[in-house]
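Here is how the chains run, residue by residue.
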Amino acid sequence: MNKINYQKELEKIIEGWACQERVPTLFLHSCCAPCSSYTLEYLSQYFKITVFYYNPNIYPEDEYVKRVEEQKRFIETLPAKNPISFMEGPYDTRRFYDIVRGLEHVPEGGERCFKCYELRLEEAAKTARARGFDYFTTTLSISPLKNAQKINEIGEALGRRYGVKHLPSDFKKKNGYKRSVELSAQYGLYRQNYCGCIYSFREMEHRCESSEMENPGIE
Ligand code: SF4
């Protein structure tokens, strides 16, 4: 089966709107300020965006608060052609732990992450539908560690289920990830060193311990 180029799909949609008078609205789930940086720089040329911060996967709570504040600060600072607003969803960590039960030891990038994408995208799809947005999508596909194929399949299925259009994406294409690193440096954004949940936090700690054991005394 041929792989779909989701960036090309997105470009077709943007071209379709270019000849119309109206700028469409987009409900954009964001995982963090660095991942939203290039995504917002790019999409705000073509959409009126509301950034939706819904990430009950993040551990611990003070890390969650830090990421939210950084997200808000970035939106306020970024010059954008079309308006960008912000909305925070509930930090309902219980929902995250319920959906990943039994998958705690699956390595990052596997089935636990697919559930985690779905949880966040489902909340975005439901809210986008209730508030009458033209499209919903997520920043998640910018990360080289995230499965863009899976993210888009989940988004498309949720779009059909909730009756709202999913905007296809693979933001790492066209040097999107590289640009997000540049923008993060330019705006001095806090870049976390683990994905978000307690399991990725432990994996990060384990990596650090192993590297210390291999390179004692190196700072
Ligand atoms: S590693 Fe990241 S995507 Fe995977 S479950 Fe944890 S927070 Fe979610």
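Criteria and thresholds
Residues numbered from 1 in each chain as written. Predicted model: local features only at pLDDT ≥ 70, side-chain atom pairs only at ≥ 80, totals over all residues. Heavy atoms only, no water. Phe/Tyr/Trp six-rings, centres within 6.5 Å; stacked < 30°, edge-to-face > 60°. Lys NZ or Arg CZ within 6 Å of the ring centre and 35° of its normal. Buried < 20%, exposed > 50% of the residue type's maximum accessible area, 1.4 Å probe, protein only. Helix = DSSP H or I, 4+ residues; strand = E, 2+ residues; numbered from the N terminus. Arc of directions from axis to C-beta. Contact = heavy atoms within 4.5 Å. Near = heavy atom within 4 Å. Nonpolar A, V, L, I, M, F, W, Y, C, P; charged D, E, K, R; others polar. Pairing = 2+ DSSP bridges. Axes fitted to C-alpha atoms, helices over the stretch in contact; angles between N-to-C directions. UniProt positions renumbered as here; feature names shortened; annotations may be inferred. Salt bridge = Lys/Arg side-chain N within 4 Å of Asp/Glu carboxyl O.

**Details of the packing of aromatic side chains**
Here's step 1: In this structure the tally under the stated criterion is 14 aromatic pairs.
Here's step 2: Over the face of the ring belonging to Tyr-194 we find Arg-67, whose NZ or CZ atom lies 5.2 Å from the ring centre.

**Things to note about helix 7 (residues 176-186)**
Here's step 1: Those residues of helix 7 that fall on the buried side of the exposure criterion are Gly-176, Ser-180, Leu-183 and Ser-184. Seen along its axis, helix 7 keeps its buried residues to an arc of 105°; they face one direction. Opposite its buried face, helix 7 presents the exposed residues Ala-185 and Gln-186, each directed more than 90 degrees away.
Here's step 2: Summarising the contacts, the buried residues of helix 7 are in contact with helix 2 (33-43).
Here's step 3: Looking one or two residues beyond helix 7, the residue adopting positive phi is Gly-188, at roughly 60°.

**Some remarks on unusual backbone geometry**
Here's step 1: For the bond running from Tyr-59 to Pro-60, omega is -10°, close enough to zero to count as cis.
Here's step 2: Unusually for a residue other than glycine, Lys-174 sits at a positive phi of about 55°.
Here's step 3: Along the chain, Lys-174 falls in the loop between strand 5 (165-166) and helix 7.
Here's step 4: Its identity as a non-glycine residue notwithstanding, Asn-175 has a phi of 60°, on the positive side.
Here's step 5: Tracing the chain through its elements places Asn-175 in the loop between strand 5 and helix 7.

**Notes on the site of the ligand**
Here's step 1: Taken together, Asn-57, Glu-108, Arg-112, Cys-113, Cys-116, Arg-120, Cys-195, Cys-197 and Ser-200 are the residues near the ligand.
Here's step 2: Among the elements that line the shell around the ligand, the one with the most residues is helix 5 (residues 111-130), at four residues.
Here's step 3: Split into classes, the residues belonging to the shell around the ligand amount to four nonpolar, two polar and three charged.

**Digging into helix 2**
Here's step 1: For helix 2, a buried count of ten out of eleven residues is recorded, marking the element as mostly surrounded by other parts of the structure.
Here's step 2: All of the buried residues along helix 2 are Ala-33, Pro-34, Cys-35, Ser-36, Ser-37, Tyr-38, Thr-39, Leu-40, Tyr-42 and Leu-43.
Here's step 3: Buried residues along helix 2 sit in contact with helix 1 (6-18), strand 1 (25-29), strand 2 (48-53), helix 3 (61-77), strand 3 (84-88) and helix 7.

**Quick notes on the sheet that holds strand 5**
Here's step 1: The five strands lie next to each other as 3-2-1-4-5, forming an open sheet whose pairing is parallel. Edge positions in the open sheet fall to strand 3 and strand 5, since each of these has one partner strand only.
Here's step 2: Of the pairings in the sheet, the one linking strand 1 to strand 4 (residues 135-138) comprises four bridges and is parallel in character. Paired with His-29 across the two strands is Thr-138, which belongs to strand 4.
Here's step 3: Packed onto the sheet, helix 3 meets strand 2 and strand 3 and runs at close to 165° relative to strand 3.

**Details of the UniProt feature "binding site: [4Fe-4S] cluster" (unreviewed entry) in the protein chain**
Here's step 1: Mapped onto the present numbering, the UniProt feature "binding site: [4Fe-4S] cluster" (unreviewed entry) falls at Cys-31, Cys-32, Cys-113 and Cys-116.
Here's step 2: Inspection of the secondary structure assignment puts Cys-113 in helix 5.
Here's step 3: Within the secondary structure, Cys-116 is located in helix 5.
Here's step 4: Overall, Cys-116 belongs to the buried group, its relative accessible area being 9%.
Here's step 5: Those residues in contact with Cys-116 that sit more than four places away from it in its chain are Asn-57, Phe-96 and Ile-99.

**Some details on the pattern of salt bridges**
Here's step 1: A full pass over the atoms with the stated rule returns 16 salt bridges.
Here's step 2: With its nearest N and O atoms 3.5 Å apart, the salt bridge here joins Lys-173 to Asp-170.
Here's step 3: Accessibility expressed as a relative area gives 34% for Lys-173, which makes it partly exposed.
Here's step 4: Take Asp-170: its relative accessible area is 9%, and that puts it in the buried class.
Here's step 5: The salt bridge involving Glu-182 is made with Lys-178; its shortest N-O contact spans 3.5 Å.

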